[in-house]
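Structure at a glance
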Amino acid sequence: MNILIVEDEHDLAESIIKYLSQEGYHCEWANSFREASEKIHLHTYDCILVDINLPDGSGIKVIERLKRVKSESGIIIISARDSVEDKIIGLEIGADDYLTKPFHLSELNARVKSLIRRRNFDGNNEILFKEITILPQERLVTIHGEPIKLTKKEYDLLLYFVSNPNRVITKESIAEHLWGDHMDMADSFDFIYAHLKNLRKKILEKKGGDYIQTIYGVGYKFTRF
Amino acid sequence: MKLLSLTNRYYLASILPILLVGGFLAYIILRGIINHEFNEKLFAEKKQFIHEWHTYKNLRETLYLNVGDKIEVKAVEYDPEIGSILSDTIMYDSFEKKELPYRLLKFSHKFDDRFYLVTITKSMLPTEDLIQGVGQIILILIAGLVLSLGFVSRAISKKIWTPFNNTIFSLKNYQIATPANINFDKTTIDEFKELNRVLIHMIDKSRKDYVSLKEFTENASHEIQTPLAIIKSKAELLLQNGNLDQENLEDVGKIYEAANRLSRLKQGLTMLAKMDNNQFEEVEPIEVAELITSSLENYEELIAMKEISLTKTYNSSPTLVLNNTLAYVLVTNLINNAIKHNLKQGSINIILNNDELIIENPGQPLSDDPENYFNRFKKGSAQSDSSGLGLALIKKICDIYDMRISYTVNEAKHRIAIQF
């Protein structure tokens, strides 16, 4: 899987590349509009992360070029602009997703995975994690082939965990993933705990493994052992 | 107190003593003149009397005469050796039938080797009347002066202060956030010209300060973005480092948490800055009841977990024309606030009327005037997870749409009411 990161801030690009590389993606970096234009003509990417504010042009133009050459790449805008209008413009010209800076790397990773999944298999794929199988299209989860009933939040939580296996996932990123940014942080942490307890119980009931590990003071980790 | 009534008061205070002293002096001078005239008259009468007494023999038998002025002639055995004595006395007047002041002139006279003592008595009544008259005239003058002073100064001040009132009116309607320039009416009065000049100068300066402060806030909150994103991403990467022990992990976790808080703060400030810049101009009709119900869905779990009992009373279903984002921010912040500052097993009472929205919840008593919490960064407690911007956002949105908001605390019952 090839990913192109169009981002002028070196340190941020480096963090993204490190995180995504650990997921097994091959990452390339373009730090300007010019470099990005060159790269998209030379290679094909499964996913392209585009920053809107580039020193020599707008990331919007990168997306327009991609669309002109009928590129199949998935496009995620990563921008500091957080207004609804900016998001609408970005999605209208053909971006698949819009992530506002500063974002959680785990969130970015989950979005990239979900986008690639949708692109490659039209959403009809399964996500496997040991005995757990997730069918995103049907929003169905089975353990040892047996379906379990999860609430919407429990399902989102499980999918988020499975997208970031063996990662320390901060409670902040989980809270924002589940409730957006309007929820009060301190309150949502209690919730995450409550939802996790239920999720763990439901998995254990179907003889699934206990994969959720608490990292005290930080968050959680979904481990394969 | 109005300037006019104050100046009038001072005028009155300075005029009254002048009038009183003047009146008193007039009285003294007048009395002096009259006294003098009186005495001269008495002496003239004395001369006339002696002349007539010498000339008309039959007069000599008359020893007493009362024709307005009393003249009494008394024959005495020896020379009293009196030149002329003037004195004041009070006597009964048979005509006026009361005691009245009189002045008498006593003198001795020798005639045909006989001595006579003559007393001429003159009523002072006309003098008294005259003085009374003068007093009345002075009083009428005072009253007339004061009244006309009042009228004239009122008329003058109305005319003179017109440019001043216009300036005040312009200032009242002026808002620093609106880019429109302020205009004052032209005036010919130097003092007001100076006032307007200084005001325009001051407003220009504050406008510049306001704009640069606004730009600073905007730039700062924008520029903070990139380093924040770097801190966050680096901290998150560090967390993935398996070599960290628990203590280091927690430290990095705290860095991450703090960066997140800063990022939320930035969001709030950007929001406020955007509102200042009128970047939420697009409006659409919004059903308030529907908005509240759908917003509450996000909080169902939280409300249930905190064991808060929620009561919704929709007495009416008003539709307001608002910006979608702002309406959402307004309602979620109100709900958030009511949940966050609630008590365990508390309650939230939402009442929606045709022209107002009321949200009540029990909570800790406040240490300060509730209205102060509409200021940015004013926090009720040292709760570090509170940005201190929630109520400021609410207030700002209400201001944009001219809605009146009030926050009252009555025996640990917090009540926010918004009138649309």
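Residues numbered from 1 in each chain as written. Chains lettered and ligands numbered in written order. Predicted model: local features only at pLDDT ≥ 70, side-chain atom pairs only at ≥ 80, totals over all residues.

Further remarks concern the overall build of chain B. Each helix and strand counted, chain B has ten helices and twelve strands in total. For chain B, restricting intrachain contacts to residue pairs at least 6 apart in sequence, the fraction spanning at least 24 positions comes to 66%. (Helix = DSSP H or I, 4+ residues; strand = E, 2+ residues; numbered from the N terminus. Contact = placed C-beta atoms within 7 Å.)

Residues and elements named next belong to chain A. A sheet is described by the order of its strands in space; here four strands give the open sequence E8-E9-E10-E11, paired in antiparallel fashion. Taken across any chain shown, the strands that pair with only one partner, and hence form the sheet edges, are strand E8 (127–129) and strand E11 (146–148). If you compare each strand with its neighbour and ignore which way they point, the axes differ by 30° on average. Note that strand E10 (residues 140–143) and E11 share three bridges and pair antiparallel. (Pairing = 2+ DSSP bridges. Axes fitted to C-alpha atoms, helices over the stretch in contact; angles between N-to-C directions.)

Another point: the packing of helix H1 (residues 10–22) of chain A against helix H5 (residues 225–239) of chain B. Remark: H1 of chain A packs on H5 of chain B, axes separated minimally by 9 Å, with the N-to-C direction vectors making an angle of 30°. Taken together, the axis directions place H1 of chain A and H5 of chain B in an arrangement best described as roughly parallel. Relative to H5 of chain B, the crossing made by H1 of chain A is left-handed. Where H1 of chain A abuts H5 of chain B, its residues Asp11, Leu12, Ser15, Ile16, Lys18 and Tyr19 of chain A lie against Ala229, Ile230, Ser233, Lys234 and Leu237 of chain B. Class assignment of the residues belonging to the contact of H1 of chain A with H5 of chain B gives a composition of six nonpolar, two polar and three charged. (Parallel < 35°, antiparallel > 145°, perpendicular 65-115°, else oblique. Left-handed = near helix turned anticlockwise from the far one by under 90°. Nonpolar A, V, L, I, M, F, W, Y, C, P; charged D, E, K, R; others polar.)

Residue and element names in this part refer to chain A. With 13 residues, H1 should cover 18 Å at 1.5 Å per step; its first-to-last C-alpha distance of 18 Å lies within 8% of that length. Residues of H1 that are buried: Leu12, Ala13, Ser15, Ile16, Tyr19 and Leu20. Here the buried residues of H1 occupy an arc of 160° about the axis, which is enough to place them on one side. Among the exposed residues of H1, those oriented more than 90 degrees off its buried face are His10 and Ser21. Of the residues trailing H1, glycine 24 is marked for its positive phi of about 95°. (Expected span 1.5 Å × (residues − 1). Buried ≥ 20, exposed ≤ 12 C-beta atoms within 10 Å, placed from the backbone. Arc of directions from axis to C-beta.)

This next bit is on the interface of chain A and chain B. On the side of chain B, 31 residues touch chain A, which itself brings 33 residues to the contact. Of all the secondary-structure elements, those providing two or more residues to the side of chain A that touches chain B are H1, helix H5 (105–121), strand E12 (168–170), helix H7 (171–179) and helix H8 (185–205) of chain A. Looking at the side of chain A that touches chain B residue by residue, the class counts come to 16 nonpolar, six polar and eleven charged.

So, on to the sheet that holds strand E7 (residues 97–100) of chain A. All names here are of chain A. If you trace the five strands from one edge of the open sheet to the other, you get E2-E1-E3-E6-E7, paired in parallel fashion. The outermost strands of the open sheet, each flanked by one partner alone, are strand E2 (26–30) and E7. With direction set aside, neighbouring strand axes in the sheet form an average angle of 20°. Pairing between strand E3 (residues 47–51) and strand E6 (residues 74–79): five bridges, direction parallel. Paired with valine 50 across the bridge in E6 is isoleucine 77. Contacting strand E1 (2–6), E3 and E6, helix H3 (residues 59–68) crosses the sheet at an angle of about 150° to E3.

Moving on: the nonpolar core. All names here are of chain A. Core analysis: the largest hydrophobic core is formed by 66 residues, its most contacted members being Ile3, Val6, Ile16, Ile48, Leu49 and Val50. In terms of residue count, the dominant contributor to this core is helix H6 (residues 152–163) (six residues). With residues near it in sequence (within four places) discarded, isoleucine 3 still touches Leu20, Tyr25, His26, Cys27, Tyr45, Asp46, Cys47, Leu49 and Val112. (Core = buried A, V, L, I, M, F, W, Y, C linked by C-beta atoms within 7 Å.)

Moving on to the environment of isoleucine 28 of chain B. All names here are of chain B. Mapped onto the elements, isoleucine 28 comes out in helix H1 (residues 3–55). On the basis of neighbour counts, which here come to 10 C-beta atoms within 10 Å, the residue isoleucine 28 falls in the exposed class. Between the C-alpha atoms of isoleucine 28 and isoleucine 131, which are 103 residues apart in sequence, the distance is 9.4 Å.

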